[in-house]
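Observations on the model geometry
Each chain, written out:
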Amino acid sequence: MEGDRNIQLTVVQPPEDEDEINIDLSAIGDGMKRFLVLWLALAVAFGAIAGGVTLRWQAVRYAGDAMALIARSGVAEITKIQSPTVVEDALNMLGLELEMLDSVRTSIRIESVMSDKAYDQRTLYYNLLTKSANLDAVRSLLDTEDDVTRYIVALNYKDVGCTREEGIELLSELLNAYRRYIENTYNYNMPMGSSVNVIDYREYDYAEAANIFAEALDDIQWYLAAVERSDASDFRSNETGYTFGDLANIAEMLKDIELDRVTSYITINSVTANDPSREISHYEWLIENLERRRTVQEARLQSLAESIETYEKDPIILVAGEENTLEKDPDEQDNYDSMIEEKLNTQREISGYTRTIRYYESVIEGFRTTGTVSQRDVEKVEGYLASLNEKLNQLIRDVNATADEYYEKATFANTLRVLVPAMAEENTLSVSGLALNVGIVEGALLVAYLGAAVIYGLKKANPRKEQTASTGA
C-alpha cells in the first residue's frame, strides 16, 4: 500500500549527570521498614530510662526547707536552738558526725510570728505617725506589748547535705534538744538537799554545828531564789500551802532569829563541848584552812572579772535576733552567761568563807578569856540547836514538796510546745516535666530513625555512585 510507511522509534537515554542524586521514595520506605524494629526497641528503652531519671530527680530535688511552728514562753532565748550545745546534742542523739555542727547551725532560720492584736496595734500607731508626729502615738508604739511567743523554725536540709526525710528528722531532734536544754537550764527540779541530812551536827563542837546550819540556810535561800526567778505565776502549793516567797521568808527568819540566837549565845558565853583552851588550836586550824580556800576563790574571781571585762569591751554582735534586733552569737552568749553565773557563785563562796572566819575568830576570842563552861549553858545551846535542826528539816521537806508540785502540776514558766511538727514540702510528680523529658528523647530518636532511613534510601537509589566511589578509591 502506497500509504503504508515503516516508522522506527528510537529512544535515546540522555547521559546521566554524575553529580545528580536520585531520590527514590520506595527505597526510603524500605529503609524505614528495615530500621522500624530497632527504632521501636530504642524508643521504648530510652523512653523508660528518661522517665525513670526524671522521676528520680523529682523525688530527690530540693523543694523547700523543713519547717516547724513552735510556741515558747519564759526567759529561754529562741536563738539558743542554734547554740553548739543544742545542735551537738541533736547530732549525738541521731548518731551523726559532729563535723556537721557548723553547717547545721548556719542552716537554721528563725522567724517570729506576731499576734494579730499586736500587729493591729502597731499598724494603727504607724498610721498615726505617718499623719502627724504625735508624741503620744510614739510612746504608745514603744509601750506596745508584742512579746513574741510563736516562731517558725526552718532548716535548709540541702545545705546540710541531707535528704528531705533526713532533714525532717534532724529538725525534730533539734526541737527535742532545745526542749531538753530548757528543762535542764530553767525547769530542772533539783531536790533541795542539805548537809544536816547527811551529817549529824551532834558530832561537832557547838560553834561548828551552828556554822553547818548557817551553810544549810544559805543553800536553801540560794535554791529558792533560783526557782522563784522561773515562777512567773506566783505558784502556791496545795500540799504545803506555801509559795516560794513564803519559804524564802521562813528561811530568812530562821537565820535572823533561831541561828542568830544560838550563835550569839555560843560566842558570848564561850560555850563548847570540850575544854576551851584545847579548842583554840582547832579553830585556828579551821581559820587557816578557810583562808586558803578564800585565797583560791579570790584568784578565781579576779580571773573571771578580767574575762568578763574583755567580753564587755569587745562584744560580738553578729546574729539577728527576735524582732530583727542584734544579739550576741549564741556560742559567745553561752560563754558569757556561764562566766557571770560562775562569778556570782564564787562571790557567794568568798562571802561565806569570810563570815565563817569572823565567826570562828570571835569564838577563839571568847575561849581565851573563859575558864570553864557551865552545864546550864551547854544544855541551853543543845536545846537551841535541836530546835533549829527540827525547824530546818521541816523547811527542807516543805521546799521539796512545793518544788515537786510546781514542776509536776503547775504551768511551767519556761516551756516549749510544738504546734506544728517538722515537715517539708513533698516533691510532687510533674506530669508536664515528665512528658517534656520523654518527648525530647523520643523526638531525638525519631529524627535519628528518619535520618537513617533517608540515608539508606539514597544509597540504594544511587548504586553507581557507590561503585564509582569505590572504583576511584
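Everything below is about the structure printed above this text.
None of these values were measured; they are calculated from a predicted model.

1. Concerning the overall build of the protein chain
Along the protein chain, the regular secondary structure elements total 15 helices and 6 strands. Out of the 473 residues belonging to the protein chain, those deemed buried represent 37%. In the protein chain, of all internal contacts separated by at least 6 residues, the share reaching a separation of at least 24 is 84%.

2. Some details on the packing of helix H2 (residues 84-94) against helix H7 (residues 164-185)
Helices that pack against each other are described as a pair by the angle of their axes relative to one another and the distance between those axes. Running from N to C, H2 and H7 point in directions that differ by 125°, and their axes come no closer than 8 Å. With respect to each other, H2 and H7 are oriented oblique. The chirality of how H2 crosses H7 is right-handed. Taking contact as the criterion, the partners of Val-86, Val-87, Asp-89, Ala-90, Leu-91, Met-93 and Leu-94 in H2 are, on H7, Glu-169, Leu-170, Glu-173, Leu-174, Ala-177, Tyr-178, Arg-180 and Tyr-181.

3. Re helix H10 (residues 244-269)
Between its terminal C-alpha atoms H10 stretches 36 Å, which fits the 38 Å expected from 26 residues at 1.5 Å a residue. The axis of H10 is deflected most strongly, by about 35°, at Asp-260. For H10, the complete set of buried residues consists of Phe-244, Gly-245, Leu-247, Ala-251, Leu-254, Lys-255, Glu-258, Leu-259, Val-262, Thr-263, Tyr-265 and Ile-266. Ser-270 lies just past H10 and shows a positive phi near 50°.

4. Here we look at the pattern of salt bridges
Pairing is possible between side chains that carry opposite charge, provided their charged atoms lie close to one another. Here the structure, examined in full by the defined rule, presents 13 salt bridges. The partner of Arg-236 in a salt bridge is Asp-246, and the shortest N-O contact between them spans 3.1 Å. Taken as a pair, Arg-236 in the loop between helix H9 (206-230) and H10 and Asp-246 in helix H10 lie far apart in primary sequence, 10 residues in all. For Asp-246, a relative accessible area of 25% corresponds to the partly exposed category. Residues joined in a network through salt bridges with shared partners are Asp-89, Glu-173 and Arg-180.

Criteria and cut-off values
- Residues numbered from 1 in each chain as written.
- Predicted model: local features only at pLDDT ≥ 70, side-chain atom pairs only at ≥ 80, totals over all residues.
- Heavy atoms only, no water.
- Helix = DSSP H or I, 4+ residues; strand = E, 2+ residues; numbered from the N terminus.
- Buried < 20%, exposed > 50% of the residue type's maximum accessible area, 1.4 Å probe, protein only.
- Contact = heavy atoms within 4.5 Å.
- Axes fitted to C-alpha atoms, helices over the stretch in contact; angles between N-to-C directions.
- Parallel < 35°, antiparallel > 145°, perpendicular 65-115°, else oblique.
- Left-handed = near helix turned anticlockwise from the far one by under 90°.
- Expected span 1.5 Å × (residues − 1).
- Bend = angle between axes of the 7 residues up to and from the residue.
- Salt bridge = Lys/Arg side-chain N within 4 Å of Asp/Glu carboxyl O.

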